[in-house]
Amino acid sequence: MRSGFTSALSCPDTRRTRGHIWEGAADGASSHSLQERQRHRGNKMASKQRPMVTEGDVIAFSKHMDNYSPWELKRLSEHFRPDMVYVIENDIPIVLQELTSRRVITAQQAQDYNDWEKNHDSTGTAEKLVCDIFAVSYAARLGLWMCLFALQSRWAHPNLNGMIDEIIQNGHNLLQEILLNESGHNLDQELKACQIEHKAKLRDLTGMMEENKAPGQPKGQIFPISNRYVELKVISDRHFKKQTHQEHEALAAAGELNEYRLQRRIKSELERIAPDRLFRWCFRSRRIPLSVMVSGVAGVGKTTLVQKFIFDWATGKHYQKFAFVLFFKFREVNEEKMSLESLICQKYPRLQDKLPRVLEDPEKLLFVFDGLDESKTDLKLSRSGSHELCMNPGDVKPVTVIVASLLKHTLLKGCSVLLTSRPSKLTSLEPGIFHRVASIVGFLSKERERYFSMFFGDERVSREAFAYVRDSQVLYTLCYNPSYCWITCTALKPCFTPKAGKSQPAPKTVTQLFVSYVTHIMANHTQEQPEPQRMRNTLINVGWLAEYGITDRILVFQPHHLQVANVEFSSFLTGFLVENPQTDDFSQVTYSFLHLTIQEFFAALVHYLDYKEDKFRDTMAKARSCKEGDYEIFSRFMTGLSDPVTRMPLEKYVGKFSAEATRKVIGWLSEMNYEELLSPEDPKGKRKLMNVFNLFFESRNKQLVCDVVGKDTHLDFSELYLMPVDCTVLAYVLSCCEEIQRLTLDSCFIQNEGLERLRPGLHKVRELSLSDNDLKDDAMKNICSVLKHPNCRLKDLSLGQNMFTEACCTDLASALKENQTLFSLDLTKNKVRNNGLYALLEVLEAQQCKIQKLVLQENGLSDDSCERLCSALSRNSTLRHLNLSANLYTDRCAEDMHHLILTSPSLTDIRLSLNDFSPDMEGHLRSLQREGLKIHI
């Protein structure tokens with residue numbers, strides 16, 4: 001492909017022809033007008049409208065690009081290469097079409113790339129396309145830019161608009177910035193030596209990743225961050241104030257992440273930001289940002305991202321425009337009042353002698369503050385608090401005031417600031433204070449798989465463990481979060497790397513996963529096992545500490561907290577608790593649980609190990625009344641630990657669980673009234689009901705679920721996006737019930753993966769609606785399996801508005817012949833067409849046919865099928881209702897349709913509206929009379 005590609009793109013005639021067209025249409029266009037139009041497009045982007053790009057705009061952009069020399073264009077193109085690949089992979093066919101129409105590539109080359117994508121993924125194809133074009137010539141590279149500019153009319157893609165906007169608004173400054181980020185500032189000899197020493201310290205601080213303590217080892221394993229770091233997906237939020245809490249939690253909280261939808265949103269709506277581009281031109285704020293917020297839920301990788309960012313700066317890989325990067329953690333400076341000077345000297349004592357020199361050029365400084373959510377005081381960012389801000393580096397204030405002063409530029413005007421926080425902390429912040437707000441959404445599928453591979457080392461073992469987790473979905477959903485990923489891998493290790501040929505059963509629920517994790521640590525933390533009572537007392541003390549933190553919203557514990565709870569920190573507890581040194585000599589230390597979910601697990605566990613009526617009642621009352629979802633995972637653990645099988649591995653180490661706690665939790669679950677949750681007055685009722693079903697799933701109490709849900713149940717989740725993990729949970733509920741009267745899953749976007757998980761229990765449903773779920777022919781095999789089930793109770797099946805074609809109708813017909821229960825089948829708005837109808841007619845002709853209602857509205861049926869339809873129905877004695885509306889029938893089939901109406905013995909209702917009949921034909925059909933038959937035209 002490369003040779004043909006090169007010769008076509010390097011043809012001088014192509015460049016002259018395009019140039020002539022551009023020149024003819026670009027009269028009067030100026031670079032300034034292009035900038036104004038791009039700003040207008042930026043405003044349209046902010047209002048979610050697609051920007052209109054005229055050919056005049058394309059020509060003006062061409063003139064703007066002509067201002068760059070071939071060397072400058074090459075540097076800019078290389079700088080934007082990752083963005084180009086990301087944008088192009090979003091829709092390769094459209095890009096190829098644009099490249100072909102503008103004669104950048106030939107039609108044959110476009111076909112070659114289409115063929116390439118079929119055998120590779122879209123990312124690899126986009127990378128190859130960009131690489132090929134870059135390797136050809138200046139003209140080819142320029143042609144690619146023209147095409148991308150023109151595509152703004154077809155895509156409102158933030159990365160596309162962002163790089164176009166940056167190259168127009170800031171192109172020449174960007175060239176200087178690229179060079180500065182590579183080579184850095186010219187510092188005098190003394191300051192350069194100070195910088196080198198500072199970078200060395202930061203390399204030591206950030207160069208190694210300590211994987212959380214491996215059970216049975218005194219310390220965690222250490223790995224070079226450059227070899228161990230797995231890329232985290234960072235996206236830009238559109239609306240800071242509105243979306244900070246809701247959007248982060250919806251996209252990333254456990255049990256709420258729909259990976260398919262998230263990937264689609266990232267590709268089409270949200271700006272993906274590589275960590276080395278956090279301080280590059282921001283399309284939304286229309287400037288190079290000085291203040292950046294990176295947000296994400298607990299354990300998603302904020303600190304790891306910052307660690308990698310600083311390590312890459314210290315090793316010269318990016319952002320050398322910052323002469324000094326100064327890194328702090330809020331948890332280490334929480335209690336103190338100090339000046340910025342003393343804050344720096346305390347953390348970096350070797351900078352003390354040169355500190356005035358370091359601070360004299362604020363634009364060369366980057367301050368990084370990690371973990372705003374761990375700060376005990378809020379940032380003072382309101383206008384009313386401006387008088388409290390620092391003016392000089394020597395002003396003594398609380399650390400949050402110092403940070404606010406840096407952000408407000410009353411202190412060291414021109415410096416850059418990077419903050420991280422959990423989403424819940426952002427709602428109180430002033431919306432305009434940050435020039436860029438980004439979210440970490442954690443691991444998508446490829447990153448999870450890579451993490452498993454690195455954790456287990458053995459390719460076979462990692463592949464088997466990852467396949468199990470992916471199949472589970474409940475566990476797979478949790479693994480978007482790197483901390484969950486580590487916990488999951490640790491818990492699964494004895495299941496997939498057995499000792500002496502004995503493997504443990506793999507967990508199926510979240511509670512079982514954490515029980516497996518805790519027991520694995522208990523089994524390996526020491527060679528001599530302590531007696532059960534001592535182990536139980538240790539877990540009880542840790543549990544009350546965790547419970548205190550959950551109810552009082554405390555995540556970081558002081559030493560006195562541990563003393564009050566009688567928790568004596570030991571090597572065993574490092575599997576659950578982490579020491580956070582406040583000083584280099586460990587003289588001051590705080591503690592936190594390895595992950596918030598581990599804290600929630602112990603907070604639930606303690607009620608089973610040390611049941612206290614008053615504390616149990618108060619905690620459960622808070623869980624019931626909480627509307628923010630704070631107790632959702634805690635509640636899952638409470639219900640999960642009520643299952644004897646789930647908790648059995650722990651009871652071997654710590655003794656029996658409280659029977660009273662178990663009884664109270666089961667009683668709480670039995671009081672659930674799912675009908676109230678489905679009340680039309682509560683728009684969130686369907687999601688709340690799914691959360692209740694998650695509790696049932698964790699409890700593994702089939703009789704309880706059967707009693708609560710009942711027999712004559714109508715479950716309606718229509719228009720609620722159901723992830724595969726939701727379908728797994730719903731399938732469990734179905735498995736517990738004898739029969740479900742009606743299950744409505746219209747517009748739930750379940751696709752075949754979700755249907756595969758639901759399949760084992762669908763035969764218990766009497767009325768099933770799966771309309772508008774993007775189901776394709778491969779999903780029909782699961783539907784047929786339900787219909788063929790020996791105990792199938794399905795009477796009414798709605799499959800409308802999917803993507804079924806004639807290819808799957810033979811399988812459907814075969815299943816219907818075996819089925820003895822189905823009375824109604826709705827295939828509205830599919831693509832059955834004539835051949836598919838012929839397959840279904842074989843069922844209608846069979847003597848054992850039970851179908852009474854068949855809806856084939858809008859299925860592309862034509863006149864050619866009418867004679868065969870008449871013949872089949874003349875021998876059918878069960879079909880009462882037939883809907884053939886919105887097909888392609890014309891007057892050509894008048895005689896057959898007339899015959900069908902008058903001779904079909906069982907029909908009582910036929911619908912023929914919205915076909916292509918003439919008014920006379922419609923009148924004729926309407927006039928036909930037959931006792932007991934209604935004709936709708």
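Residues numbered from 1 in each chain as written. Predicted model: local features only at pLDDT ≥ 70, side-chain atom pairs only at ≥ 80, totals over all residues. Heavy atoms only, no water.

Within the protein, the secondary structure is distributed over 42 helices and 23 strands. Expressed as a percentage of the 937 residues in the protein, the buried residues total 56%. Considering only contacts in the protein between residues 6 or more positions apart, those separated by 24 or more positions represent 79%. By element, 48% of the accessible surface of the protein is carried by carbon and sulfur atoms, the whole surface being about 39500 Å². (Helix = DSSP H or I, 4+ residues; strand = E, 2+ residues; numbered from the N terminus. Buried < 20%, exposed > 50% of the residue type's maximum accessible area, 1.4 Å probe, protein only. Contact = heavy atoms within 4.5 Å. Areas by Shrake-Rupley, 256 points an atom, 1.4 Å probe, with all protein chains shown as cover.)

Enumeration according to the criterion identifies 38 salt bridges in this entry. For Glu 55, the salt bridge goes to Arg 102, with nearest N and O atoms at 3.1 Å. Taken together, the residues span a long stretch of sequence, with Glu 55 in helix H4 (residues 55–65) and Arg 102 in the loop between helix H7 (92–101) and helix H8 (107–119) at a distance of 47 residues. The exposure class assigned to Arg 102 is buried, which follows from its relative accessible area of 16%. Notably, a salt bridge pairs Glu 739 with Arg 766, separated by 2.5 Å at the nearest N-O pair. Separated by 27 residues along the polypeptide, Glu 739 in the loop between helix H35 (724–736) and strand S16 (740–744) and Arg 766 in strand S17 (residues 765–769) bring together distant segments of the chain. Assessed through its relative accessible area of 7%, Glu 739 is described here as buried. Through salt bridges that share partners, Glu 613, Arg 617, Glu 660, Arg 663 and Lys 664 make up one connected network. (Salt bridge = Lys/Arg side-chain N within 4 Å of Asp/Glu carboxyl O.)

Tallied over the entire structure, the rule returns zero disulfides. Residue Cys 893 stays outside any disulfide, its sulfur separated by 4.2 Å from that of Cys 866, the closest cysteine. Classification of Cys 893 as buried rests on a relative accessible area of 1%. (Disulfide = S-S within 2.5 Å.)

For the rest of this paragraph, the subject is the nonpolar core. Ranked by size, the top nonpolar core spans 168 residues in total, and within it Phe 452, Tyr 517, Phe 601, Phe 602, Phe 693, Phe 717 and Tyr 889 carry the most contacts. Dropping the residues within four chain positions of it, Phe 601 is found in contact with Thr 511, Phe 514, Val 515, Val 518, Phe 637, Leu 641 and Leu 650. (Core = buried A, V, L, I, M, F, W, Y, C linked by side-chain atoms within 4.5 Å.)

All told, the structure shown has 34 aromatic pairs when counted by the stated rule. Seen in terms of ring centroids, Phe 309 and Tyr 319 are 5.8 Å apart; in terms of plane orientation they differ by 35 degrees. Their pairing is tilted. Taken together, the residues Phe 309 in helix H16 (residues 302–314) and Tyr 319 in the loop between H16 and strand S6 (324–329) connect sequence positions ten residues apart. Neither Phe 309 nor Tyr 319 differs from the other in exposure class; each is buried. Geometrically, the ring pair formed by Phe 576 and Phe 602 is edge-to-face, given 4.8 Å between the ring centres and 70 degrees between the ring planes. Separated by 26 residues along the polypeptide, Phe 576 in the loop between helix H26 (559–564) and strand S13 (577–581) and Phe 602 in helix H27 (residues 596–609) bring together distant segments of the chain. Among the residues examined, Phe 602 registers a relative accessible area of 1% and is labelled buried. Taken together, the ring pairs connect Trp 486, Phe 514, Tyr 517, Phe 557, Phe 572, Phe 576, Phe 593, Phe 601, Phe 602 and Phe 637 into an aromatic cluster. When the ring centre of Trp 116 is taken as origin, the NZ or CZ atom of Lys 128, which lies over that ring, is 4.9 Å away. The residue whose ring lies beneath Arg 448 is Tyr 476, and the NZ or CZ to ring-centre distance is 4.3 Å. (Phe/Tyr/Trp six-rings, centres within 6.5 Å; stacked < 30°, edge-to-face > 60°. Lys NZ or Arg CZ within 6 Å of the ring centre and 35° of its normal.)

Within the element layout of this structure, Gln 599 appears in helix H27. In contact with Gln 599, not counting residues within four places along its chain, are Ala 546, Gly 549, Ile 550, Ile 554, Leu 555, Phe 557 and Phe 593.

In this section: helix H34 (residues 702–709). Those residues of H34 lying buried are Leu 704, Val 705, Cys 706, Val 708 and Val 709. The first or second residue beyond H34 is Gly 710, which carries a positive phi of 85 degrees.

For the rest of this paragraph, the subject is helix H17 (residues 340–347). Those residues of H17 that fall on the buried side of the exposure criterion are Leu 340, Leu 343, Ile 344 and Cys 345. Check the buried side of H17 and you find it contacts S6, strand S7 (337–338), helix H18 (355–359), strand S8 (365–370) and helix H19 (399–408).

As for its position among the elements, His 198 is in helix H12 (residues 189–206). Residues within four places of His 198 in sequence aside, it is in contact with Trp 313, Phe 324, Val 325, Leu 326, Tyr 348 and Leu 351.

Our focus in this paragraph is the sheet that holds S17. Strands sit in the order S15-S16-S17-S18-S19-S20-S21-S22-S23 across an open sheet of nine strands; the sheet is parallel. With one partner strand each, in any of the chains shown, strand S15 (714–716) and strand S23 (934–936) form the two edges of the open sheet. Neighbour-to-neighbour, the strand axes of this sheet turn through a mean angle of 5 degrees, independent of strand direction. Judged from the three bridges that link them, strand S20 (residues 853–855) and strand S21 (residues 881–883) form a sheet pairing that is parallel. (Pairing = 2+ DSSP bridges. Axes fitted to C-alpha atoms, helices over the stretch in contact; angles between N-to-C directions.)

Remark: helix H5 (residues 70–79) packs on helix H6 (residues 81–88), axes separated minimally by 4 Å, with the N-to-C direction vectors making an angle of 55 degrees. In terms of axis orientation, H5 runs oblique to H6. Contacts between H5 and H6 involve Ser 77, Glu 78 and His 79 on the former and, on the latter, Arg 81, Pro 82 and Asp 83. Residue classes in the contact of H5 with H6 are distributed as one nonpolar, two polar and three charged. (Parallel < 35°, antiparallel > 145°, perpendicular 65-115°, else oblique. Nonpolar A, V, L, I, M, F, W, Y, C, P; charged D, E, K, R; others polar.)

Burial analysis of S8 places six of its six residues in the buried class, the great majority of the element. In S8, alternate side chains face the same way, and those of Leu 365, Phe 367 and Phe 369 on one face and Leu 366, Val 368 and Asp 370 on the other are all buried. Bridging between S6 and S8 involves six bridges; their strand directions are parallel. Looking at S8, one finds that Phe 327 is bridged to Val 368. Strand direction decides the pairing type here: S8 and strand S10 (residues 416–421), joined by four bridges, are parallel. Paired with Phe 369 across the strands is Leu 419, a residue of S10.

Glancing now at the environment of Leu 768. Within the secondary structure layout, Leu 768 lies in strand S17. Under the relative-accessibility criterion, Leu 768 is labelled buried at 3%. Through-space distance from the C-alpha of Leu 768 to that of Gln 741 is 8.7 Å; in sequence the pair is 27 residues apart. Setting aside residues no more than four positions away along its own chain, Leu 768 makes contact with Leu 743, Leu 762, Leu 794, Asp 796, Leu 797 and Ser 798.

Tracing the backbone through its elements, the reader meets Pro 362 in the loop between H18 and S8. With residues up to four places along the chain from it excluded, the contact list for Pro 362 reads Leu 412, Lys 413, Gly 414 and Cys 415.

Let's shift gears to the packing of helix H39 (residues 833–845) against helix H40 (residues 866–873). Between H39 and H40, the least distance of the axes is 9 Å, while the angle of their chain directions is 15 degrees. As far as their axial angle goes, H40 and H39 are roughly parallel. Crossing of H39 over H40 shows left-handed handedness. The residues of H40 that touch H39, namely those facing Leu 837, Tyr 838, Leu 841, Glu 842, Leu 844 and Glu 845, are Arg 868, Leu 869, Ala 872 and Leu 873. Here the contact of H39 with H40 is composed, by residue class, of seven nonpolar, no polar and three charged. (Left-handed = near helix turned anticlockwise from the far one by under 90°.)

What follows covers the pairing of strand S11 (residues 436–442). Burial analysis of S11 places seven of its seven residues in the buried class, which makes it a mostly covered element. Burial of the side chains of S11 extends over both faces: Arg 436, Ala 438, Ile 440 and Gly 442 are buried on one face and Val 437, Ser 439 and Val 441 on the other. Where strand S5 (residues 291–295) and S11 come together, four bridges link them in parallel fashion. Following the sheet pairing, Met 293 is matched in S11 by Val 437.

For the rest of this paragraph, the subject is the confidence of the model for the protein. The predicted model of the protein averages 82 in pLDDT, with 83% of residues at 70 or higher. Helix H2 (residues 12–25) is the least confidently modelled element of the protein, averaging 24 in pLDDT, while strand S18 (residues 796–798) averages 98, the highest of any element. Of the regions scoring below 50 in pLDDT, residues 212–220 engages in 18 contacts with residues more than four places distant in sequence or in other chains. (pLDDT = per-residue confidence, 0-100.)

Another point: unusual backbone geometry. Among all residues except glycine, the phi angle is most often negative; among peptide bonds, the trans geometry is most common. Positive phi is not limited to glycine here, since Ser 747 has a value of about 55 degrees. Structurally, the position occupied by Ser 747 is in the loop between S16 and helix H36 (751–762). Ser 747 sits in the partly exposed class, given a relative accessible area of 26%. Notably, Leu 914 is not glycine yet its phi reads approximately 60 degrees, a positive angle.

Moving on, we come to the environment of Lys 711. Here Lys 711 shows up in the loop between H34 and S15. In this structure Lys 711 comes out as partly exposed when scored by relative accessible area, which is 45%. A sequence separation of 27 residues divides Lys 711 from Glu 738, and the C-alpha atoms of the two residues are 6.5 Å apart. In contact with Lys 711, other than residues within four places in its own chain, are Glu 739, Ile 740 and Gln 741.

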